[in-house]
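# Overview (structure and organization)
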2 protein chains.
Amino acid sequence: MLNVAIVGPGLVGGALLEQLAAHAQSPRFASLPISVVGLINSKKMAISTKSFTAQDLDQWKTAILGSSAVVADLSQFTDSLAVLKGSTAVVDCTSSDTIAELYPLWLSKGLHVVTPNKKGFSNDISLFRKIQQLSASPKGPVVYHEATVGAGLPILSTLNDLVRTGDKIVKIEGIFSGTLSYLFNNFSIPGATQKFSECVSVAKSSGYTEPDPRDDLNGMDVARKVTILGRVAGLDLSIDTLPVENIVPEELRGVSSAEEFMSRLPEFDEHFKKLNDEALASGSVLRYVGMVDGVNSQSSVKLARYARDHPFASLKGSDNIIAFTTERFPNPLIIQGAGAGAAVTAFGIFADLIKVCERFGTGSA
Amino acid sequence: MLNVAIVGPGLVGGALLEQLAAHAQSPRFASLPISVVGLINSKKMAISTKSFTAQDLDQWKTAILGSSAVVADLSQFTDSLAVLKGSTAVVDCTSSDTIAELYPLWLSKGLHVVTPNKKGFSNDISLFRKIQQLSASPKGPVVYHEATVGAGLPILSTLNDLVRTGDKIVKIEGIFSGTLSYLFNNFSIPGATQKFSECVSVAKSSGYTEPDPRDDLNGMDVARKVTILGRVAGLDLSIDTLPVENIVPEELRGVSSAEEFMSRLPEFDEHFKKLNDEALASGSVLRYVGMVDGVNSQSSVKLARYARDHPFASLKGSDNIIAFTTERFPNPLIIQGAGAGAAVTAFGIFADLIKVCERFGTGSA
């Protein structure tokens, strides 16, 4: 049995709980038993040696939201998990720096960590190294974070396989933001007539952007993903030194509200139109990409042009795409698909949990 | 330490030995120690408790080809592996039915099986079920066969993740033959002028086809891959009942030699030109695809048309491509890249071996 505790059971954590509840009723449960034993959010927590699964999916909601739930205390939560029998994985569904800083503590107590939270792997390299070191023992606890890049797409597992089998990474290039994918797939195609600000506006009202779209357009989310990919590939990347093209017009970076930003964005439609027209005139399209350079240390995040027959040019919707160019794959190995959303992110976490279960959770509980 | 024994160390096995030898000299070896302890081909064999790795890559050649090597005896080979300390994986690099029939014996003796050989998973379903059953125990031996479909591309691992986490497979569609990919990528593009027989001839002389190209054009290799994908997805597919479009013209199926086939193929150029012209006139291209239908049991292998902006239409060279349409991925999850060749096939095997090592090989030897 693998015990699972979820930190921050919101949208993604909720989807994960649903998938786990369905799993608990499937015939596969017998060989890969996973059981939810703890839940904590910023206010309340619940921990139990009796697991929350299967028939009683709603039980966790009651447990954590109900009047009988106790006040959240991460240190007490951690201690309770550490004394459970069998293997236990903590699933961090927050995007919190503070929670990410707890990974070394959890690992040192023998708790596995599975998470879509990018912070532990893209903040200061010393935290990343500590996490790596504490999860390096063949028999010790592990950290799996497939869903930090491309949600459930098999990106980090593939990169890990390439690296561990000795392939040489030449270049990793991709469209890693669902928002920026959606924006440029709609704005930069031959014959499209929508203005850039209109595209942003549609994306915002369709729920594709952060509440303030500048949090997408500044490229920092992509920079974190490039940093993670680079580090997994063995490079010492840092979001502080990585060249990142912020496509928020300089004049709008300081405006105080998202509303003001949106209302002034049309002033810059001409700027984006010019970039787009130039790209289209040269038979290309604009795409906002992240790139890990395994050879010349020229990793970057930027708006770039791709020829119309390039796989990045035919991307649709808000899909992510990644191309690994390596010694063994001079024509790149490409993976594409939905890289954001609760169900596919939960899928990435769940697949990681099954790997933890296979390695550590098949003993007696 | 994970002990590895290789059956049929030819082109793929040789590439695997090279990758393993490089690994033995890398810092990663410490946490994932893999050691080659046995080799057997159809004539000779060598087995040793002292491993063949690292500095002495050539040692295996001497061991198995040298005058001191003993006559191959699979039963003796198996018995010697079964008594080794620690975990042992047999890597079947043949394409033999007979060797595949040994998997149940190997598994029953606690030996793991890793292989690019499609036979064990696409021959009679009773063999597949026996293999599945004997590798189902959470602590028992495992069978990994990533390289049976798309060589090192992460196809079966992704399908497994989808299935095991409870996603519903709607459709799996792809171009699974490097040869047929190459043929139609060159023959069926707007503006191409090469005749079909010329494309086959170029593919043959470039080494892309089997010695007799009919072994590619009859679709049986693709049918085996579709059968494997379907079975991993939980369907009872069989190569005997799967509808497979054999594109070898009927009149040429009975001719005795590859030479005669090649010399008479131009008689059918008009037939292929007509199919191609019709596809191109409708804004599509021809691609030879395999399809697993998870909903309506209409799985098949056939020559089909794809619109020019479909990812299959922009495929290049001899790349494979696969699209998983599922409940969670209504816009398919797509993987593409080299799906054949010694180095990438060996990579797929090696990545599987690392997974076996992580799960079973990290104890004391």
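Bear in mind the structure is a predicted one, so any value in this text is a computation, not a measurement.

### What about the overall build of chain A?
Scanning chain A from N- to C-terminus turns up 16 helices and 12 strands. The C-alpha radius of gyration computed for chain A amounts to 22 Å, which stays within 12% of the reference 21 Å derived for 365 residues, consistent with globular compactness. Put simply, chain A has 365 residues, and 58% of those count as buried. Roughly 14,400 Å² of accessible area belongs to chain A as shown, and the carbon and sulfur atoms make up 51% of that amount. Side-chain charges of chain A comprise 33 positive and 37 negative groups, with the mean position of each set lying 5 Å from the other.

### Considerations on the nonpolar core
As a rule of thumb, soluble globular proteins bury nonpolar side chains together. Ranked by size, the top nonpolar core spans 152 residues in total, and within it Phe184 and Leu229 of chain A together with Leu159, Phe184 and Leu229 of chain B carry the most contacts. Core analysis: the second largest hydrophobic core is formed by 29 residues, Val36, Ile64, Phe350 and Ile354 of chain A among them.

### Concerning the domain arrangement of chain A
Residues and elements named next belong to chain A. Segmenting chain A into domains produces domain 1 (2–152 + 343–360) and domain 2 (163–338). For domain 1 versus domain 2, the distance between C-alpha centres works out to 30 Å. Listed per partner, the contact involves 14 residues of domain 1 and 14 residues of domain 2. Interface area, domain 1 with domain 2, both sides summed: about 1,200 Å², of which 61% is carbon and sulfur. A per-residue breakdown of the area domain 1 buries against domain 2 is headed by Lys118, Ser122 and Val149, which together make up 41% of the total. When the shortest N-O distance is used, the salt bridge between lysine 118 and aspartate 221 registers 3.2 Å. Across the side of domain 1 that touches domain 2, the residue classes break down as 5 nonpolar, 5 polar and 4 charged.

### Observations concerning the packing of aromatic side chains
Residues and elements named next belong to chain A. Applying the stated criterion across every chain yields a total of 18 aromatic pairs over all chains. Plain terms: the ring middles of tyrosine 103 and phenylalanine 121 are 6.1 Å apart, the flat faces sit at 40 degrees to each other, and that makes the pair tilted. Placement of tyrosine 103 in helix H5 (residues 103–108) and of phenylalanine 121 in helix H6 (residues 119–122) is noted, with a sequence separation of 18 residues between them. Neither tyrosine 103 nor phenylalanine 121 differs from the other in exposure class; each is buried. Centre to centre, the rings of phenylalanine 184 and phenylalanine 196 are 5.7 Å apart; their planes meet at 40 degrees, and the pair counts as tilted. Separated by 12 residues along the polypeptide, phenylalanine 184 in helix H9 (residues 178–187) and phenylalanine 196 in helix H10 (residues 196–205) bring together distant segments of the chain. A relative accessible area of 0% places phenylalanine 184 in the buried class. Judged by relative accessible area, phenylalanine 196 falls into the buried class, the value being 0%.

### Structural notes on the packing of helix H9 (residues 178–187) of chain B against helix H10 (residues 196–205) of chain B
Two numbers describe a pair of packed helices, the interaxial angle and the distance between the axes. Residue and element names in this part refer to chain B. It is at 10 Å that the axes of H9 and H10 come closest, and there the two elements cross at 135 degrees. Compared by their axis directions, H9 and H10 come out oblique. Classified by chirality, the crossing of H10 by H9 is right-handed. Contacts between H9 and H10 involve Tyr182, Leu183, Phe184, Asn186 and Phe187 on the former and, on the latter, Phe196, Cys199, Val200, Val202 and Ala203. Residues belonging to the contact of H9 with H10 are distributed by class as follows: 9 nonpolar, 1 polar and no charged.

### Comments concerning H10 of chain A
Residues and elements named next belong to chain A. Turning to H10, its buried residues are Phe196, Ser197, Cys199, Val200 and Ala203. Mapping the buried residues of H10 onto a view down its axis gives an arc of 160 degrees, with all of them on the same face. Where H10 is buried, its residues contact H9, helix H11 (214–217), helix H14 (258–264) and helix H15 (269–281). Glycine 207 sits one or two residues past H10 and shows a positive phi near 80 degrees.

### Some details on the UniProt feature "domain: Homoserine dehydrogenase catalytic" (unreviewed entry) in chain A
The sites that carry the UniProt feature "domain: Homoserine dehydrogenase catalytic" (unreviewed entry) are, in the present numbering, residues 154–354 of chain A. The span residues 154–354 of chain A is 41% helix and 18% strand, and its two end C-alpha atoms sit 14 Å from each other.

### What to know about unusual backbone geometry
Residue and element names in this part refer to chain B. The phi torsion at alanine 151 lies on the positive side, around 50 degrees, for a residue other than glycine. The residue serine 297 is not glycine, and still its phi comes out positive at about 55 degrees. Here serine 297 lies in the loop between strand S9 (284–293) and strand S10 (300–307). Assessed through its relative accessible area of 65%, serine 297 is described here as exposed.

### A word on the interface of chain A and chain B
Each partner contributes residues to the interface: chain A has 41 residues there, and chain B has 41 residues. Roughly 3,700 Å² of surface becomes buried between chain A and chain B when both sides are summed, with 58% attributable to carbon and sulfur atoms. On the chain A side of the interface with chain B, the three residues burying the most area are Arg164, Arg328 and Phe347 of chain A, jointly 18% of the side's total. In this structure, the connection of chain A to chain B is made through 8 salt bridges. Across the salt bridge formed by aspartate 161 of chain A and lysine 355 of chain B, the nearest N and O atoms sit 2.9 Å from each other. Taken together, the links from chain A to chain B amount to 10 residue pairs in polar contact (both at pLDDT 80 or more). Mapped by element, the contributors of at least two residues to the side of chain A that touches chain B are helix H1 (11–24), helix H8 (156–164), strand S12 (333–337) and helix H16 (342–360) of chain A.

### What to know about the relation of the copies chain A and chain B
Here the two chain copies are tied together by a rotation about an axis and a shift along that axis. Overlay of chain A on chain B (RMSD 0.0 Å): rotation 180 degrees, translation along the axis 0.0 Å. Both chain copies can therefore be described as sitting about a two-fold axis. Interface overlap between copies is the fraction of interface residues in one copy that are interface residues in the other; for chain A against chain B it reaches 100%, indicating a shared surface.

### A few points about the state of the cysteines
Tallied over the full model, the rule gives 0 disulfides over all chains. Of all cysteine sulfurs in the structure, the one in cysteine 93 of chain B sits closest to cysteine 357 of chain B, which takes part in no disulfide; the separation is 17 Å.

### So, the packing of H16 of chain A against helix H8 (residues 155–164) of chain B
Interaxial distance between H16 of chain A and H8 of chain B falls to 9 Å at its minimum, and their mutual angle equals 100 degrees. In terms of orientation, H16 of chain A and H8 of chain B fall into the roughly perpendicular class. Along its contact with H16 of chain A, which presents Phe347, Phe350, Ala351, Ile354, Lys355 and Glu358 of chain A, the element H8 of chain B presents Asp161, Leu162 and Arg164 of chain B. Along the lines of polarity and charge, the residues of the contact of H16 of chain A with H8 of chain B split into 5 nonpolar, no polar and 4 charged.

### Comments concerning the UniProt feature "active site" (unreviewed entry) in chain A
Here, the residues flagged by UniProt with the feature "active site" (unreviewed entry) are Lys225 of chain A. In this structure lysine 225 of chain A touches Lys118, Thr148, Val149 and Phe176 of chain A, once residues within four positions along its chain are discounted.

### Let's talk about H8 of chain B
Summarising burial for H8 of chain B: 8 of the 10 residues are buried, a large majority. Restricting attention to buried positions, one finds in H8 of chain B the residues Ile155, Leu156, Thr158, Leu159, Asp161, Leu162, Val163 and Arg164 of chain B. For H8 of chain B, the elements touching its buried residues are H1 and H16 of chain A together with strand S8 (169–175), helix H12 (220–232), strand S11 (319–326) and strand S12 (333–338) of chain B. Just beyond H8 of chain B, the residue with positive phi is glycine 166 of chain B, at close to 90 degrees.

### Focus: the pairing of S10 of chain B
Residues and elements named next belong to chain B. Across 8 bridges, the pairing between S9 and S10 is antiparallel. For glycine 290, the partnering residue across the bridge sits in S10 and is valine 301. In sequence, S9 turns back onto S10 through a hairpin of 6 residues, with serine 297 there showing a positive phi of about 55 degrees.

The rules we used
- Residue numbering note: each chain is counted from 1, following its sequence as written.
- Chains carry letters and ligands carry numbers; both start at the beginning, A for chains and 1 for ligands, and go up in the order they are written.
- Local features in this predicted model are restricted to residues whose pLDDT is 70 or higher, and side-chain atom pairs enter the listing and the counts only when it is 80 or higher, whereas totals over whole chains, interfaces and linings include all residues.
- Values shown for side chains rest on all heavy atoms present in the structure; no hydrogens or waters enter the calculation.
- Runs of H or I in DSSP of at least four residues are treated as helices and runs of E of at least two as strands, each being numbered from the N terminus.
- Radius of gyration: over C-alpha atoms. The globule rule applied is 2.2 Å multiplied by the number of residues raised to the 0.38 power.
- Remark: exposure states derive from per-residue accessible area (1.4 Å probe, protein chains only) relative to the maximum for the residue type, with buried under 20%, exposed over 50%, and partly exposed in between.
- Here, Shrake-Rupley sampling with a 1.4 Å probe gives the accessible areas, and only protein chains in the shown set may cover a residue.
- Charged-residue counts in this description rest on Lys and Arg as positive and Asp and Glu as negative, His and the chain ends being excluded.
- The atoms used to mark charge sites are NZ of Lys, CZ of Arg, CG of Asp and CD of Glu.
- Throughout, nonpolar core names a set of buried Ala, Val, Leu, Ile, Met, Phe, Trp, Tyr and Cys residues whose side chains join them through atoms within 4.5 Å.
- An automatic or database domain assignment supplies the residue ranges for each domain.
- Should any heavy atoms of two residues lie within 4.5 Å, those residues are considered in contact.
- When two parts are put together, the accessible area they lose, computed with a 1.4 Å probe and summed over both, is reported as buried area.
- The rule for a salt bridge is simple: a side-chain nitrogen of Lys or Arg has to be within 4 Å of a carboxyl oxygen of Asp or Glu.
- Charged means Asp, Glu, Lys or Arg here, nonpolar means Ala, Val, Leu, Ile, Met, Phe, Trp, Tyr, Cys or Pro, and polar covers whatever is left, Gly included.
- Between rings of Phe, Tyr and Trp, where Trp is taken as its six-membered ring, a pair exists when centres lie within 6.5 Å; planes separated by under 30 degrees are stacked, by over 60 edge-to-face, and by other angles tilted.
- Only the stretch in contact is used when a helix axis is fitted, and all axes are lines through C-alpha atoms; the angle between N-to-C directions ranges over 0 to 180 degrees.
- Angle categories are assigned with fixed cut-offs, so that under 35 degrees is roughly parallel, over 145 is roughly antiparallel, 65 to 115 is roughly perpendicular, and the rest are oblique.
- Crossing handedness follows the turn of the near helix against the far one: under a right angle anticlockwise gives a left-handed crossing, and clockwise gives a right-handed one.
- Note that the arc is computed from the directions linking the helix axis to the C-beta atoms.
- UniProt positions are given in the numbering used here, feature names are shortened, and annotations may be inferred rather than shown by experiment.
- Polar contact criterion, stated in full: a pair of N or O atoms within 3.5 Å, where within protein one must be able to donate a hydrogen and the other to accept it, and residues adjacent in sequence count only if both atoms are side-chain atoms.
- Superposition of the copies was done by least squares, using only C-alpha atoms of residues whose pLDDT is at least 70 in both.
- Throughout, disulfides are identified as pairs of cysteine sulfur atoms within 2.5 Å of each other.
- At least two bridges found by DSSP between two strands is the condition for calling them paired.

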